[in-house]
Amino acid sequence: MADTSMYRLPDYYDWTSEGMDGDLAYYADLAMESGGPVLELGTGTGRVSLAIARHGIRVTGVDVEPAMLARAQQKAEGMGLSNRCRWVESDMTRLNLEDRFPLVIIPYRSFLHLLTVRDQVAALTQVRQHLSEDGLFVFNIFIPDIGQMVEEEDRLISRGSFPLPGSGELVEVNDFTRFDHFHQRGDIIRYYERFDGEGRSRERLRTTFSLRYIYPAELSHLLKIAGFEVTARWGGFRREPFGPDSTELVVEARKSQSLVNHR
């Protein structure tokens, strides 16, 4: 086995987190329409922030994990984008920046890592505080499928195999999930296993994370409570109509004008 200090979570995250169909182009288009600067919450290793910065837009990426931000900074330097990127270590429920942004985004379902309604409302309150008066707030979540959850609970489920560019190696990802449906919470153990070109296991990494799934109607109430009005709902990043068969929900929202005028 290889020394496990050689590869840590940011490596595996980059190797296996390819994003969702069309999400980079969607967020980059919104960023260019806004003119920037852009605030990304839950930036991870900077996949979306760097895609935006490549278009000449200044971006602030926020994450609670310093190792992820360190990798984002490393990637920005390698791409010659450091002058357009700022990285901030913070919990999105307690963010306190002086800037106001015409576009605030929470991509890649990162909003679901807020595990209580209190934290969800706190994060939305911070988004509203950091959004310019005519700014746009955009994020996405998956639509809960109880049948699928029942099928996957307490089982090891493959999330895919991912080739490492130029190495001949492969990373396989498997999840073991346990749900608490009363609190709409899932606790996930994720296993990354790296194989060499001959199929021999070189390293195995075990990580844990949790999420709180949200239903569309519930989300509408959360946004209203936090002072937002939804201006568009999409079933995907190519602006597919949102409907009963959608598995993803992409939300575009602005500050509620009734609250803006009242204040």
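The structure displayed is predicted, hence computed values, not measured ones.

Thresholds applied
- Residues numbered from 1 in each chain as written.
- Predicted model: local features only at pLDDT ≥ 70, side-chain atom pairs only at ≥ 80, totals over all residues.
- Heavy atoms only, no water.
- Helix = DSSP H or I, 4+ residues; strand = E, 2+ residues; numbered from the N terminus.
- Buried < 20%, exposed > 50% of the residue type's maximum accessible area, 1.4 Å probe, protein only.
- Lys, Arg positive; Asp, Glu negative; His and termini not counted.
- Salt bridge = Lys/Arg side-chain N within 4 Å of Asp/Glu carboxyl O.
- Polar contact = N/O pair within 3.5 Å; in protein donor to acceptor, adjacent residues only side chain to side chain.
- Contact = heavy atoms within 4.5 Å.
- Core = buried A, V, L, I, M, F, W, Y, C linked by side-chain atoms within 4.5 Å.

**Concerning the side chain of glutamate 40**
Here comes step 1: Examined against the element boundaries, glutamate 40 turns out to sit in strand 1 (residues 38-41).
Here comes step 2: Buried and unpaired, glutamate 40 has no salt bridge, with arginine 47 as the nearest side chain of opposite charge at 6.9 Å.
Here comes step 3: One polar contact links glutamate 40 to serine 49, side chain to side chain, over a distance of 2.4 Å.
Here comes step 4: Those residues in contact with glutamate 40 that lie beyond four places of it in its chain are Val48, Ser49, Thr60, Gly61, Val62, Ile105 and Pro107.

**Concerning the nonpolar core**
Here comes step 1: Counting 36 residues, the largest nonpolar core has Leu41, Phe137, Phe139, Leu219 and Phe228 as its most contacted members.
Here comes step 2: Elements that contribute at least two residues to this core include exactly strand 1, strand 4 (101-106), helix 5 (117-130), strand 5 (131-142), helix 7 (216-225) and strand 11 (248-255).
Here comes step 3: Per-element tally for this core: the top contributor is strand 5, with five residues.
Here comes step 4: Sequence-distant contacts of leucine 219, defined by excluding residues within four places in its chain, comprise Phe111, Phe139, Ile141, Ile214, Leu249 and Val251.
Here comes step 5: Residues Tyr26, Val59, Cys85 and Leu136 belong to the second largest nonpolar core, which totals 24 residues.

**What about the pattern of salt bridges?**
Here comes step 1: The tally for this structure, following the rule as stated, stands at 21 salt bridges.
Here comes step 2: Arginine 94 serves as the salt-bridge partner of aspartate 91, at 3.6 Å between the closest nitrogen and oxygen.
Here comes step 3: Using a relative accessible area of 24% as the deciding quantity, one classes aspartate 91 as partly exposed.
Here comes step 4: A salt bridge links aspartate 154 to arginine 178, with the nearest nitrogen and oxygen atoms 2.8 Å apart. Of this pair, aspartate 154 sits in the loop between helix 6 (146-152) and strand 6 (156-163) while arginine 178 sits in strand 7 (residues 170-180), placing them 24 residues apart in sequence.
Here comes step 5: Overall, aspartate 154 belongs to the partly exposed group, its relative accessible area being 38%.

**Re the environment of arginine 47**
Here comes step 1: With respect to the helices and strands, the residue arginine 47 is situated in helix 3 (residues 47-53).
Here comes step 2: Residues contacting arginine 47, with those up to four places away along its chain left out, are Ser17, Glu18, Gly19, Asp23, Leu24, Lys75 and Tyr108.
Here comes step 3: Among the polar contacts listed, one links the side chain of arginine 47 to the side chain of aspartate 23, at a separation of 2.7 Å.

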